[in-house]
Protein chains: 4
Amino acid sequence: MLNAKFDACIQACSNCAIACETCAASCLREDDVKMMARCIELDRDCADLCALAATLMARDSKLAQEICRICAQACRDCAEECGKHQMDHCQACAEACRQCAEECEKMAA
Amino acid sequence: MLNAKFDACIQACSNCAIACETCAASCLREDDVKMMARCIELDRDCADLCALAATLMARDSKLAQEICRICAQACRDCAEECGKHQMDHCQACAEACRQCAEECEKMAA
Amino acid sequence: MLNAKFDACIQACSNCAIACETCAASCLREDDVKMMARCIELDRDCADLCALAATLMARDSKLAQEICRICAQACRDCAEECGKHQMDHCQACAEACRQCAEECEKMAA
Amino acid sequence: MLNAKFDACIQACSNCAIACETCAASCLREDDVKMMARCIELDRDCADLCALAATLMARDSKLAQEICRICAQACRDCAEECGKHQMDHCQACAEACRQCAEECEKMAA
């Protein structure tokens, strides 16, 4: 397959996109939504960057590396914010973001 | 998690989206691209439907079920076309599409 | 162009997707985010449905009509919720959703 | 509106995304698909980058500027390839890509 070398990073990005969507939707159903507003913002951007990164790696696009660099940044920001909150969805998202950031940083290096 | 009940279908959709993107990009690099044109068309629509279905299920959206119904149709069409071609990427895509169609059909039922 | 007959609907969907993204981001910065939580949920789904509908119409996909039917439903739901709030971003979004719903309903008919 | 300052660039990105989807779908229906394979590849990446750039600007995301820089690059590549082909869809796409590249370069500056 043309993208076999990206497999770990594609998986990490796909997982992280779903974790971020889950976290954003769950944050919107928390009692104190205002406390989660920054988390929701970062989740949304991170989800969309991860989805595009996975897609461009699947295509073996020449832009994949550059998107992975920005995706890593989105993941680091999101992990930091999610890590502040104790809900399961935030902790799971923070962990998915950290794993994805590591894979994307390897890709972008 | 708000979407735990959709987990198998979310995974099948995420996998299928990547398989379709891989197949489309690989088809575009085959010698006989014209023979693969219909496959590429169906891959693209199937990839985008799968990605949206996974996203809406992750959010526990009330539209998830309806999108899964259309996604299943896109997967069946794509599996049929990919199944006609012997390349590894087409065979892998056809298999991912069949698995995703089954999961989406359960969701939509 | 292969999609000339869809032009008005493609434009309405593109406009609506941006209006929904704008509204969701603006709602997240309101003082009373909790009051806007349902609006944000519906904005997100509507934005993603509109984006996919525009894409599938641009491709003259055979799934375009079915997606437009679901997109119209997402637009009607979002317009109803946004219409309850007096902020400019909600009123602009409600209007974009109504226009998009009308175009999508014509497409789906 | 939180994104009023990005309005011209959001519009250019939305237009370019549709022009790229139209061009890719039209290329796939040409008699000589092989001649268009590179065009289709670049159209796909450019469409997805433009869509994400428009979305992130609509959200006033702090990643908008970085994505616009990569989007400009995708638009320049796509415009160069599309510009080589005389079909209406390629010429229209090349023009949309050039306009979008200019707006994105202003954003990224």
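Since we're looking at a predicted model, the values are computed, not measured.

Visitor: Tell me what's going on with the interface of chain A and chain B, and back it up with residues and numbers.
Guide: With 21 residues of chain A at the contact, the number on the chain B side is 21 residues. Here chain A and chain B share an interface that buries about 1,600 Å² over both sides, 62% of which is from carbon and sulfur atoms. In terms of surface lost to chain B, no three residues of chain A exceed Met 1, Ile 18 and Glu 21 of chain A, which account for 31% of the buried area on that side. At the junction of chain A with chain B, the criterion picks out 4 salt bridges. With its nearest N and O atoms 2.9 Å apart, the salt bridge here joins Arg 29 of chain A to Asp 60 of chain B. Among the elements of the structure, helix 1 (7–27), helix 2 (37–58) and helix 4 (88–108) of chain A are those that each provide at least two residues to the side of chain A that touches chain B.

Visitor: With reference to specific residues and values, describe the pattern of salt bridges.
Guide: A side chain of one charge can pair with a side chain of the opposite charge when the charged atoms of the two come close. Summed over the entire model, instances satisfying the criterion amount to 60 salt bridges over all chains. For the salt bridge of Glu 21 of chain C with Arg 44 of chain A, the shortest nitrogen-to-oxygen distance reads 2.6 Å. Highlighted residues: Glu 21 of chain C in helix 1 (residues 7–27) and Arg 44 of chain A in helix 2, drawn from two different chains. Between Lys 62 of chain A and Asp 77 of chain D there is a salt bridge, and its shortest N-O distance comes to 2.9 Å. Taken together, the residues span two chains, with Lys 62 of chain A in the loop between helix 2 and helix 3 (64–82) and Asp 77 of chain D in helix 3 (residues 64–82). Residue Lys 62 of chain A is classed as exposed on the basis of its relative accessible area of 57%. Through salt bridges with shared partners, a single network forms among Lys 5 and Asp 60 of chain A, Arg 29 of chain B together with Arg 38 and Glu 41 of chain D.

Visitor: Account for the relation of the copies chain A and chain B, naming residues and giving values.
Guide: Turning chain A through 180 degrees and shifting it by 0.0 Å along the axis lays it on chain B, with an RMSD of 0.0 Å. These values place the two chain copies in the arrangement generated by a two-fold rotation axis. Looking at the rotation axis and the C-alpha trace of chain A, the residue lying nearest is Ser 14 of chain A, at 3.3 Å.

Visitor: I'd like a description of the relation of the copies chain B and chain C, backed by residues and values.
Guide: At an RMSD of 0.0 Å, chain B and chain C line up after a rotation of 180 degrees and a shift of 0.0 Å along the axis. Of all interface residues in chain B, 100% are interface residues in chain C too; the two copies therefore contact each other through one and the same surface.

Visitor: Go over the packing of helix 1 of chain A against helix 1 (residues 7–27) of chain B, please, and point to the residues and values.
Guide: Between helix 1 of chain A and helix 1 of chain B, the shortest axis-to-axis distance is 11 Å and the interhelical angle comes to 135 degrees. Classified by the angle their axes make, helix 1 of chain A and helix 1 of chain B are oblique. The crossing of helix 1 of chain A and helix 1 of chain B is right-handed. Here helix 1 of chain A contributes Ile 10, Gln 11, Ser 14, Asn 15 and Ile 18 of chain A to the contact with helix 1 of chain B, which in turn contributes Ile 10, Gln 11, Ser 14, Asn 15 and Ile 18 of chain B. For the contact of helix 1 of chain A with helix 1 of chain B, the residue count by class is 4 nonpolar, 6 polar and no charged.

Visitor: Go over the side chain of Thr 22 of chain B, please, and point to the residues and values.
Guide: With respect to the helices, strands and loops of the structure, Thr 22 of chain B is situated in helix 1. Of the polar contacts made by the side chain of Thr 22 of chain B, one reaches the side chain of Asn 3 of chain A; its length is 2.8 Å.

Visitor: Before we move on, can you summarise the packing of helix 2 (residues 37–58) of chain C against helix 1 (residues 7–27) of chain D with the specific residues and values?
Guide: Between helix 2 of chain C and helix 1 of chain D, the least distance of the axes is 8 Å, while the angle of their chain directions is 40 degrees. In this structure, the crossing between helix 2 of chain C and helix 1 of chain D has a hand that is right-handed. Contacts between helix 2 of chain C and helix 1 of chain D involve Ala 54, Thr 55 and Ala 58 of chain C from the former and Ile 18, Glu 21, Thr 22 and Ala 25 of chain D from the latter. Here the residues of the contact of helix 2 of chain C with helix 1 of chain D sort into 4 nonpolar, 2 polar and 1 charged.

Visitor: Residue-level account of the interface of chain B and chain C, with values.
Guide: The interface of chain B with chain C comprises 18 residues on the first partner and 18 residues on the second. A buried area of about 1,700 Å², summed over both sides, lies between chain B and chain C, and 53% of it is on carbon and sulfur atoms. Between the two partners, chain B and chain C, sit 8 salt bridges. Residues Asp 45 of chain B and Arg 59 of chain C are paired through a salt bridge, measuring 2.9 Å at the closest nitrogen-oxygen approach. Summed over the shared surface of chain B and chain C, the number is 12 residue pairs in polar contact (both at pLDDT 80 or more). Counting residues per element, the ones that place at least two in the side of chain B that touches chain C are helix 2 (37–58) and helix 3 (64–82) of chain B. For the side of chain B that touches chain C, the class distribution of residues is 7 nonpolar, 3 polar and 8 charged.

Visitor: Break down the layout of surface pockets for me, with residues and values.
Guide: In this structure, the largest pocket occupies an estimated 310 Å³ of space. The wall of the largest pocket is formed by 19 residues, among which Asn 15, Ile 18, Ala 19, Ala 92 and Ala 96 of chain D lie closest to the centre. Listing elements by their share of the lining of the largest pocket, those giving two or more residues are helix 1 of chain C together with helix 1 and helix 4 (88–108) of chain D. For the lining of the largest pocket, a count of residues per class yields 10 nonpolar, 7 polar and 2 charged.

Rules used throughout
- Residues numbered from 1 in each chain as written.
- Chains lettered and ligands numbered in written order.
- Predicted model: local features only at pLDDT ≥ 70, side-chain atom pairs only at ≥ 80, totals over all residues.
- Heavy atoms only, no water.
- Contact = heavy atoms within 4.5 Å.
- Buried area = accessible area lost by both parts, 1.4 Å probe.
- Salt bridge = Lys/Arg side-chain N within 4 Å of Asp/Glu carboxyl O.
- Helix = DSSP H or I, 4+ residues; strand = E, 2+ residues; numbered from the N terminus.
- Buried < 20%, exposed > 50% of the residue type's maximum accessible area, 1.4 Å probe, protein only.
- Least-squares fit on C-alpha atoms with pLDDT ≥ 70 in both.
- Axes fitted to C-alpha atoms, helices over the stretch in contact; angles between N-to-C directions.
- Parallel < 35°, antiparallel > 145°, perpendicular 65-115°, else oblique.
- Left-handed = near helix turned anticlockwise from the far one by under 90°.
- Nonpolar A, V, L, I, M, F, W, Y, C, P; charged D, E, K, R; others polar.
- Polar contact = N/O pair within 3.5 Å; in protein donor to acceptor, adjacent residues only side chain to side chain.
- 1 Å grid on protein atoms, 1.4 Å probe; cavity = no way out; pocket = protein on both sides within 12 Å on 5 of 7 lines; lining within 4 Å.
- Points joined across faces, edges and corners; volume = space filled by probe spheres on them.

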